[in-house]
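# Observations on the three-dimensional arrangement
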Amino acid sequence: MFRIKYGLRYWKLLTHLLFGTYHFGVNNFWWSKYPSVFGRSNKWNIMRLFLSAKMMRARCFMGFIPLDDAVRIFPGYARNHGFIE
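Quick look at the structure, then. Everything numeric in this text was worked out from a predicted model, so none of it was measured.

### Describing the packing of helix H2 (residues 11-19) against helix H3 (residues 46-64)
Axis separation between H2 and H3 bottoms out at 8 Å; the angle between their running directions is 125°. Looking at the two axes, H2 sits oblique to H3. Considering only the axes of H2 and H3, their crossing is right-handed. Each of Leu-14, Leu-17, Leu-18 and Phe-19 in H2 lies in contact with H3, whose residues at this interface are Leu-49, Ser-52, Ala-53, Met-56, Arg-59 and Phe-64. A breakdown of the residues in the contact of H2 with H3 according to their chemical character gives 8 nonpolar, 1 polar and 1 charged.

Below, the structure written as structure tokens:
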């Protein structure tokens, strides 16, 4: 349930990290002057989406979101990587 609420609240950030948009994640504005370092060209395939989702999970634990939220969203990853016991 928490994952759904978090996803609805921060859908712009999730879209930016999953699809690699250039301006959507930078202050969540399309008209931002500076592109995101996570932006990619528009070459899409299934493997790229899978790797983006995997990296998005890792970025959650690097400080992109509060650690408590990251642990609640991805408890298995947190347990496997020593964030919780």
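Next comes the rest of the write-up.
### Observations regarding the nonpolar core
Counting residues in hydrophobic clusters, the biggest one holds 10 residues: Tyr-6, Ala-58, Cys-60, Phe-61, Ile-65, Ala-70, Val-71, Ile-73, Tyr-77 and Ala-78. Where this core is concerned, the elements lending two or more residues are H3, helix H4 (67-73) and helix H5 (75-80).

### Topic: the environment of Tyr-34
Locating Tyr-34 in the fold gives a position in the loop between H2 and H3. Overall, Tyr-34 belongs to the exposed group, its relative accessible area being 59%. Distance in space between the C-alpha atoms of Tyr-34 and Tyr-22 is 8.6 Å, their sequence separation being 12 residues.

### Some points on the environment of Arg-59
Its location among the elements puts Arg-59 in helix H3. Relative accessible area serves as the criterion here: at 13%, Arg-59 is assigned to the buried category. With 42 residues separating them in the primary sequence, Arg-59 and Leu-17 have C-alpha atoms 9.1 Å apart.

### Examining the packing of aromatic side chains
Considering all chains together, one arrives at 3 aromatic pairs under this definition. A centroid spacing of 4.9 Å and a plane angle of 35° characterise the contact between Phe-61 and Tyr-77, whose relative ring orientation is tilted. A residue pair is termed long-range when its members are at least 10 positions apart, and Phe-61 in helix H3 and Tyr-77 in helix H5 qualify at 16 residues. This pair shows no difference in class: Phe-61 is buried, exactly as Tyr-77 is.

### Regarding a nonpolar patch on the surface
Together, Met-1, Ile-4 and Leu-8 make up an exposed nonpolar region whose accessible area comes to about 390 Å². Its place among the elements puts Met-1 in the segment before helix H1 (2-9). On the accessibility criterion, Met-1 (71% relative accessible area) is exposed.

Rules and cut-offs
- Residues numbered from 1 in each chain as written.
- Predicted model: local features only at pLDDT ≥ 70, side-chain atom pairs only at ≥ 80, totals over all residues.
- Heavy atoms only, no water.
- Axes fitted to C-alpha atoms, helices over the stretch in contact; angles between N-to-C directions.
- Helix = DSSP H or I, 4+ residues; strand = E, 2+ residues; numbered from the N terminus.
- Parallel < 35°, antiparallel > 145°, perpendicular 65-115°, else oblique.
- Left-handed = near helix turned anticlockwise from the far one by under 90°.
- Contact = heavy atoms within 4.5 Å.
- Nonpolar A, V, L, I, M, F, W, Y, C, P; charged D, E, K, R; others polar.
- Core = buried A, V, L, I, M, F, W, Y, C linked by side-chain atoms within 4.5 Å.
- Buried < 20%, exposed > 50% of the residue type's maximum accessible area, 1.4 Å probe, protein only.
- Phe/Tyr/Trp six-rings, centres within 6.5 Å; stacked < 30°, edge-to-face > 60°.
- Patch = residues over 30% accessible without salt bridge, like charges linked within 9 Å, V, L, I, M, F, W, Y side chains within 5 Å.
- Areas by Shrake-Rupley, 256 points an atom, 1.4 Å probe, with all protein chains shown as cover.
- Salt bridge = Lys/Arg side-chain N within 4 Å of Asp/Glu carboxyl O.

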